[in-house]
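Listed below, chain by chain, are the residues.
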Amino acid sequence: MSTWVQANQGGLAELLAISPVIPVLTIEVVSHAVPLAHALLEGGIGVVEVTLRTEVALQAIAAMAASVPGMVVGAGTVLTAVQYRRVAEAGARFVVSPGSSPSVLDAAAASSVPFLPGAATPSEVLALLEHGYRWQKFFPAEPAGGIPMLRAIAAPIPEVRFCPTGGIGLANAADYLALANVICVGGSWLTPAESLRAGDWRRIAVLAAEAAALKR
Ligand SMILES: O=C[C@H](O)COP(=O)(O)O
Ligand SMILES: CC(=O)C(=O)O
C-alpha cells in the first residue's frame, strides 16, 4: 500500500452543502436512531454524522440508512481501515475522521464512499491538500484556534474549505459560517443527552430548526 493516496471526495461537496450544520451524533440506544433521524429531518436537517463511539453505532447507521431515505447518513470517529470498510457496508454515504492516517487514507482510496479527513494545523492541511483533499474537517475547532486560526489559514491556503467541529454551538455557529473557507459546521448541541434519554424528539426538532435556519 502507498503511504499517501489520491483524494476520495467525489460528491462530498454536495453532501456538505445540504445543511449549514451537520449534527454529530452519539447514539447509545439503537431504537433511537430512526426517530432521531425523523426529528432532525422535521427540523430541516438532512445530513448527520453518526460517531463510532458506542457499541450500537454501526447498527444505528444501518437502521437510519435503510429506514430514513431522506437523511444522508455519514459515519464519524472512523479511526481505522477496518472501520472504514464496516461503515461503508452499513450504508454510510460519507466517512469522517478527527484526523488522518496512512492506513485510513488507503482505505478511503479503495472505497467508493467519500472521505472528510480532519486537520488542525497548516502542515496537516497542506499534507492532505497535496493529495487532493480540498474539503477537510477542522478539529477540534475551538481548542485548535477557532475563527482566528481559520482566518489565518485562509490567507495562504484559500482553496481548502472546512467543516469546523468541536466547541461549536448556536452562539458561535453563525460566526464560523460567515468565513469564506467554511462550508458547514458540525456539532453535538442539537442532540442533548437528556433529550435522547427522554426520547424528546420534539425538542430535537426545535433545535434542528434553529440550526437549519443559520445563514452561510
Ligand atoms: O466531532 C466531534 C465532537 O465530538 C463534536 O464536538 P462538540 O460536542 O463540541 O459539538
Ligand atoms: C471528532 C471527529 O471528527 C469524529 O469523531 O469523527
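Cut-offs applied
- Residues numbered from 1 in each chain as written.
- Chains lettered and ligands numbered in written order.
- Predicted model: local features only at pLDDT ≥ 70, side-chain atom pairs only at ≥ 80, totals over all residues.
- Heavy atoms only, no water.
- UniProt positions renumbered as here; feature names shortened; annotations may be inferred.
- Helix = DSSP H or I, 4+ residues; strand = E, 2+ residues; numbered from the N terminus.
- Rg over C-alpha atoms; globule rule 2.2 N^0.38 Å.
- Buried < 20%, exposed > 50% of the residue type's maximum accessible area, 1.4 Å probe, protein only.
- Contact = heavy atoms within 4.5 Å.
- Areas by Shrake-Rupley, 256 points an atom, 1.4 Å probe, with all protein chains shown as cover.
- Lys, Arg positive; Asp, Glu negative; His and termini not counted.
- Charge placed at Lys NZ, Arg CZ, Asp CG, Glu CD.
- Axes fitted to C-alpha atoms, helices over the stretch in contact; angles between N-to-C directions.
- Parallel < 35°, antiparallel > 145°, perpendicular 65-115°, else oblique.
- Left-handed = near helix turned anticlockwise from the far one by under 90°.
- Nonpolar A, V, L, I, M, F, W, Y, C, P; charged D, E, K, R; others polar.

Looking at an unreviewed UniProt entry, the protein chain carries the name 2-dehydro-3-deoxy-phosphogluconate aldolase, with the source organism given as Acidiphilium iwatense. The Catalytic activity (unreviewed entry) field of the UniProt record for the protein chain holds the comment "2-dehydro-3-deoxy-6-phospho-D-gluconate = D-glyceraldehyde 3-phosphate + pyruvate". Quoted verbatim from the Sequence similarities (unreviewed entry) heading of the UniProt record, the comment on the protein chain is "Belongs to the KHG/KDPG aldolase family."

> It is not clear to me how the overall build of the protein chain should be interpreted in this structure. Could you clarify?
Along the protein chain, the regular secondary structure elements total 10 helices and nine strands. For 216 residues, the compact-globule formula gives about 17 Å, and the C-alpha radius of gyration of the protein chain, at 16 Å, lands near that figure. If one aligns the C-alpha atoms of the protein chain with their principal axes, the spans along those axes are about 45 × 40 × 25 Å. Counting all 216 residues of the protein chain, 53% fall into the buried class. Expressed as a percentage of contacts within the protein chain between residues at least 6 apart in sequence, the contacts between residues at least 24 apart total 63%. A total accessible area of about 9000 Å² is found for the protein chain, and carbon and sulfur atoms account for 57% of it. Between the averaged position of the 13 positive side-chain charges in the protein chain and that of its 15 negative side-chain charges there is a distance of 4 Å.

> How should I be thinking about the packing of helix 2 (residues 33-43) against helix 10 (residues 201-212) in this particular structure?
Each pair of packed helices can be summarised by the angle the axes make with each other and by the distance between the axes. Contact pair helix 2 / helix 10: the axes reach a minimum separation of 7 Å and the direction vectors enclose 40°. Viewed along their axes, helix 2 and helix 10 adopt a mutual orientation that is oblique. In the crossing of helix 2 with helix 10, the sense of the turn from one axis to the other is right-handed. On helix 10, the residues touching P35, L36, A39, L40, E42 and G43 of helix 2 are W201, R202, I204, A205, A208, A209 and A212. Across the contact of helix 2 with helix 10, the residue classes break down as 10 nonpolar, one polar and two charged.

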